Amino acid sequence: MEFYRHSLGADEKGAVARVLDSLFLTTGEEVYAFEREFAEYLGAPDVVAVSSCTAAEQLAFLALGLRPGDEVITTPLTFIATATAILHAGGVPVFVDVEPSTGNLDPERVEAAITSRTRAIAPVHLYGTMCDMVALRELADRFGLLLVEDAAHCVEGERNGVRPAGLGDAACFSFYATKTLTSGEGGAVAVRDPAVAERLRTLRLHGMSKSAADRYHGLYQHWDMIELGWKFNMSNIQGAMLRPQLGRLGDRLRRREEIARKYDAAIDALDGVDRPVVPPATRPARHLYTIWVEPDRRDSYLSYLGRNGVGTAVNYRAIHELRWLRENIKVEHDLANAETIGARTLSLPLYDGLRDDEASRVCDVVAAAAREA
């Protein structure tokens, strides 16, 4: 079975057809409607839709005032875009180790890494389990730092009554093809400060004072370029695809939770196979189901599962060990937990369309791999 299958259907096809029959394909009313509806879903004051989560993070740092050379504390146990967005915004990633039980950024290690050069903290809600945002917000307030959440995995997550964008200065989301809320490509930034939201809207479209839809009222209107921006806007086609999915997120999460609990029982019965802990008072978004196996057997597991029809992925190897980052980013702190988890990790199929018999098959093949791989 595939590692992932999307659940887009007639509603999304109809939404795209509606846009194709309309005047504006680029950023316009469908995007603006999605921004309002997604903000309501999150309980956030404002959302700005963009072309990817990577763009969201880069623009969030810039709109919040990150300066060239400012250091941003983040995790090495993530996708490379977390670090590259910091770099493209002019910042310097400072990798700090993770909690061995969750894989999430360790607040105690974050505090120990703060220096006079630190400007921001960028936690990643890994696999869909939120970081301890209460602790990180306290650190950010105490040291006068920005707090920018990488919530690419965590649209539906909650911890201690806090959701993404609840305590961060910005929360960045991904609508990539494998995400639970998807338009193939796309992203968004949720923010609390209306001035930051306004600047994000300018930065996402070349620094122009008006978008095409905003300046179209039958008569031509002049526009201005008010700062240096990027081509990071979302199209109406993408916005229209996203809107019907918002109402189904709860039911789809409940189905993924059922599958995850089935996996939990199977994994807990195996020797040499562990899984990340979900902290108390936490509702994980269940974007990924990741297991941790012996490092010297991880590739054997991947091969065995693939040969037996189970799609897998590695989310993630510790990114400071990847060649470009290894050669260009100085590592100043011990990252043993991230390195160990990165060497042990593999992810199993998890999506709401997975049938019970398919989930049972995954459990059986993992158990066989534990015996034979």
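Residues numbered from 1 in each chain as written. Predicted model: local features only at pLDDT ≥ 70, side-chain atom pairs only at ≥ 80, totals over all residues. Heavy atoms only, no water.

S.K.: I tried to follow the overall build of the protein on my own but got confused; where do I start?
M.R.: Across its full length, the protein holds 13 helices and 12 strands. Computed over the C-alpha atoms, the radius of gyration of the protein is 21 Å, within 12% of the 21 Å expected from 2.2 N^0.38 for a compact globule of 373 residues. In terms of principal-axis extent, the alpha carbons of the protein reach across some 70 × 55 × 40 Å. In the protein, which comprises 373 residues, the share counted as buried stands at 56%. The long-range share in the protein, meaning contacts at least 24 apart out of those at least 6 apart in sequence, stands at 72%. Summing over all exposed atoms, the protein offers an accessible surface of approximately 15600 Å²; the carbon and sulfur share of this is 52%. (Helix = DSSP H or I, 4+ residues; strand = E, 2+ residues; numbered from the N terminus. Rg over C-alpha atoms; globule rule 2.2 N^0.38 Å. Buried < 20%, exposed > 50% of the residue type's maximum accessible area, 1.4 Å probe, protein only. Contact = heavy atoms within 4.5 Å. Areas by Shrake-Rupley, 256 points an atom, 1.4 Å probe, with all protein chains shown as cover.)

S.K.: What am I meant to see in a nonpolar patch on the surface here?
M.R.: Side chains of Y220, W223, M225 and L228 sit close together on the surface and give an oily, nonpolar patch of about 500 Å² of accessible area. Note that W223 resides in the loop between α7 (194-203) and α8 (236-246). Residue W223 is classed as partly exposed on the basis of its relative accessible area of 39%. (Patch = residues over 30% accessible without salt bridge, like charges linked within 9 Å, V, L, I, M, F, W, Y side chains within 5 Å. Salt bridge = Lys/Arg side-chain N within 4 Å of Asp/Glu carboxyl O.)

S.K.: What exactly am I supposed to notice about helix α6 (residues 133-143) here?
M.R.: Since one α-helical turn is 3.6 residues long, residues separated by three or four positions face the same way. Within the span of α6, buried status applies to M133, L136, R137, L139 and A140. Burial along α6 is one-sided: seen end-on, the buried residues are contained in an arc of 160°. Elements in contact with the buried residues of α6: α5 (107-113), β4 (118-122) and β5 (146-150). Just downstream of α6, G144 is the residue with a positive phi angle, here 65°. (Arc of directions from axis to C-beta.)

S.K.: What am I meant to see in the environment of P194 here?
M.R.: If you trace the backbone, P194 turns up in helix α7. When its relative accessible area of 61% is taken as the criterion, P194 is described as exposed. Through-space distance from the C-alpha of P194 to that of E149 is 18 Å; in sequence the pair is 45 residues apart.

S.K.: Help me understand the packing of aromatic side chains, please; the structure alone is not making it clear to me.
M.R.: A ring pair, where both rings are aromatic, is described by two values, the distance of the centres and the angle of the planes. Applying the stated criterion to the full structure yields 9 aromatic pairs. Measuring from ring centre to ring centre gives 6.3 Å for W230 and F232, while their planes differ by 15°; the resulting arrangement is stacked. The exposure class of F232 is buried, given its relative accessible area of 17%. In this structure an aromatic cluster arises from ring pairing among F34, F38, Y41, F173 and F175. Lying across the ring of Y41, R163 places its NZ or CZ 4.8 Å from the centre. (Phe/Tyr/Trp six-rings, centres within 6.5 Å; stacked < 30°, edge-to-face > 60°. Lys NZ or Arg CZ within 6 Å of the ring centre and 35° of its normal.)

S.K.: I keep staring at the packing of helix α9 (residues 249-268) against helix α13 (residues 356-372) and nothing clicks. Help me out?
M.R.: Any two packed helices are characterised by how steeply their axes cross, that is the angle between the axes, and by the distance between the axes. Running from N to C, α9 and α13 cross one another at 25°; their axes reach a closest spacing of 10 Å. When the interaxial angle is binned, α9 and α13 end up roughly parallel. As for how α9 packs across α13, the hand of that crossing is right-handed. Contact with α9, carried on its side by R255, I259, K262, Y263, A266 and I267, involves D356, A359, S360, V362, C363 and V366 of α13 and no other residues of that element. Within the contact of α9 with α13, the residues separate by chemical class into 8 nonpolar, 1 polar and 3 charged. (Axes fitted to C-alpha atoms, helices over the stretch in contact; angles between N-to-C directions. Parallel < 35°, antiparallel > 145°, perpendicular 65-115°, else oblique. Left-handed = near helix turned anticlockwise from the far one by under 90°. Nonpolar A, V, L, I, M, F, W, Y, C, P; charged D, E, K, R; others polar.)

S.K.: What exactly am I supposed to notice about the packing of helix α2 (residues 29-42) against α8 here?
M.R.: With their axes 7 Å apart at the nearest point, α2 and α8 run at an angle of 35° to one another. Seen along the crossing, α2 lies across α8 with a hand that is left-handed. Along its contact with α2, which presents E29, E30, V31, A33, F34, E37 and F38, the element α8 presents N236, G239, A240, L242, R243 and L246. Considered class by class, the residues forming the contact of α2 with α8 number 7 nonpolar, 2 polar and 4 charged.

S.K.: Would you mind going over the pairing of strand β3 (residues 92-95) with me for this structure?
M.R.: For a regular strand, the rule is simple: side chains alternate between the two faces of the sheet. Sheet analysis places strand β2 (residues 71-74) next to β3, joined by 4 bridges and oriented parallel. Paired with I73 across the bridge in β3 is V94. Viewed along the sheet, the connection from β2 through helix α4 (residues 81-88) into β3 turns out right-handed. (Pairing = 2+ DSSP bridges. Right-handed = clockwise from strand over helix to strand, strands pointing away.)

S.K.: Before we go on, may I ask you to explain the sheet that holds β3 in this structure?
M.R.: Sheets are built from strands that pair by backbone hydrogen bonding, the pairs being arranged parallel or antiparallel. Read from one edge to the other, the open sheet built from 7 strands follows the order β1-β8-β7-β5-β4-β2-β3, with strand pairing classed as mixed. At either margin of the open sheet sits one strand with a lone partner, and together these are β1 (46-50) and β3. Across the sheet, the mean angle from the axis of one strand to that of its neighbour is 25°, orientation sign disregarded. Across 5 bridges, strand β7 (residues 170-174) lies against strand β8 (residues 187-191) in antiparallel orientation.

S.K.: What's the story with the environment of I329 in this structure? I'm lost.
M.R.: Among the structural elements, I329 can be located in the loop between α11 (323-328) and α12 (336-344). Judged by its relative accessible area of 9%, I329 is buried. The spacing of I329 and A318 is 11 residues in sequence and 13 Å in space, taken between C-alpha atoms.

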